[in-house]
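Chains, contacts and geometry: an overview
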Amino acid sequence: MIQCSDVINLLLATTNPGKLAEVQAFLKNYPLRILSLKDIVDAPQVVEDGRTFEENALKKARTLAEFSGLMTLADDSGLEVDALNGAPGVYSARYAGPEGDDERNNAKLLRELAQVPEEKRTARFVCALAFYAPGVSRAKSWTVRESCEGRIAFALKGANRFGYDPLFFYPPFGKTFGEIDRGTKASVSHRGKAVRKFAEILPLLIDLTAKP
């Protein structure tokens, strides 16, 4: 098992400070030094061309682990809307086009659902998390998929304008994700669930990757 004196480097495949802070909070009780892509010189850009969130997450984790030589954790996440047959899905970040941003993506989503009634606006946030350990012969990779169910609101609500949060209405809270604080959101979100599951199995993953 991991010893308290052992400090292990773990690369988180992101430059997003919010995502880094969220993962650090979940893993604060482990002897980890969590790095981001800002700590890696000339880190390669990974083209997310997979058909699933899992494929994209594992591709990022594997590419960056092999480049850096560090155990790497990567995610791919997005929004699936039932009335749109699962769209935007893996294209969530670029739903309004290659240069799409949050404002344009949300505007397009509202247009696409303009004639859809409330009861048919069901949707979910999905997060696929992938761990990859370079240079080992066993327990090289691990993936998990988690989701959070809700529905799409008719208008943007809340000060948090990250991604689709101001449009994602979470029934148990009676609010959109844009209206709740980061800590509360992390307690129920797709990414929060995935990182908690990773935290549970992390000691075993590290022990296995340490063996020849």
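Below or above, wherever it landed, is the structure these notes cover. (Residues numbered from 1 in each chain as written. Predicted model: local features only at pLDDT ≥ 70, side-chain atom pairs only at ≥ 80, totals over all residues. Heavy atoms only, no water.)

1. Here we look at the overall build of the protein
Note the following rule: Per the convention used, a helix needs a DSSP run of H or I reaching at least four residues, while a strand needs a run of E reaching at least two, with both numbered from the N terminus. Think of it in three bands: with a 1.4 Å probe and only protein chains considered, a residue is buried below 20% of the maximum accessible area for its type, exposed above 50%, and partly exposed in between. Throughout, a contact is declared for two residues whenever any of their heavy atoms are within 4.5 Å. Throughout, the Shrake-Rupley method with a 1.4 Å probe supplies accessible areas, and for residues the shown protein chains are the sole cover considered.
Scanning the protein for helices and strands turns up five helices and seven strands. With respect to the three principal axes, the spread of C-alpha positions in the protein is 60 × 30 × 25 Å. The burial tally for the protein puts 49% of its 212 residues in the buried class. Relative to all contacts within the protein whose residues are 6 or more apart in sequence, the contacts with residues 24 or more apart total 62%. For the protein, the computed accessible surface area is about 10700 Å², with 51% contributed by carbon and sulfur atoms.

2. Observations concerning the packing of aromatic side chains
Heads up, the condition is: Between 30 and 60 degrees the pair is tilted, below 30 it is stacked and above 60 it is edge-to-face, where a pair is any two Phe, Tyr or Trp rings, Trp via its six-membered ring, whose centres lie within 6.5 Å.
Throughout the structure, instances matching the rule amount to seven aromatic pairs. A centroid spacing of 5.8 Å and a plane angle of 40° characterise the contact between Phe131 and Phe198, whose relative ring orientation is tilted. One end of the pair, Phe131, is in strand S4 (residues 122-132); the other, Phe198, is in helix H5 (residues 190-210), and 67 residues separate them in sequence. Each member of the pair, Phe131 together with Phe198, is buried. Each ring, one from Tyr170 and one from Phe173, has its centre 5.0 Å from the other, and the planes form 75°; the classification is edge-to-face. A residue is classified by how much of its surface remains accessible, and Tyr170, at 13% relative accessible area, is buried. Residue classification places Phe173 among the partly exposed positions, given a relative accessible area of 33%.

3. Describing empty space enclosed by the protein
Operational definition: In this analysis, the protein atoms alone were mapped onto a 1 Å grid. Cavities are point sets where a 1.4 Å probe fits without being able to get out; pockets are open sets with protein on both sides within 12 Å along at least five of seven lines; lining residues have an atom within 4 Å of a point. Grid points are joined across faces, edges and corners, and a volume is the space filled by probe spheres set on the points.
Applying the stated criterion to the full structure yields one cavity of 30 Å³ or more. Its boundaries defined by the atoms lining it, the largest cavity holds a volume of some 50 Å³. Lining the largest cavity are Leu12, Ala13, Thr14, Lys19, Val23, Leu73, Ala74, Asp75, Leu129, Arg191 and Val195.

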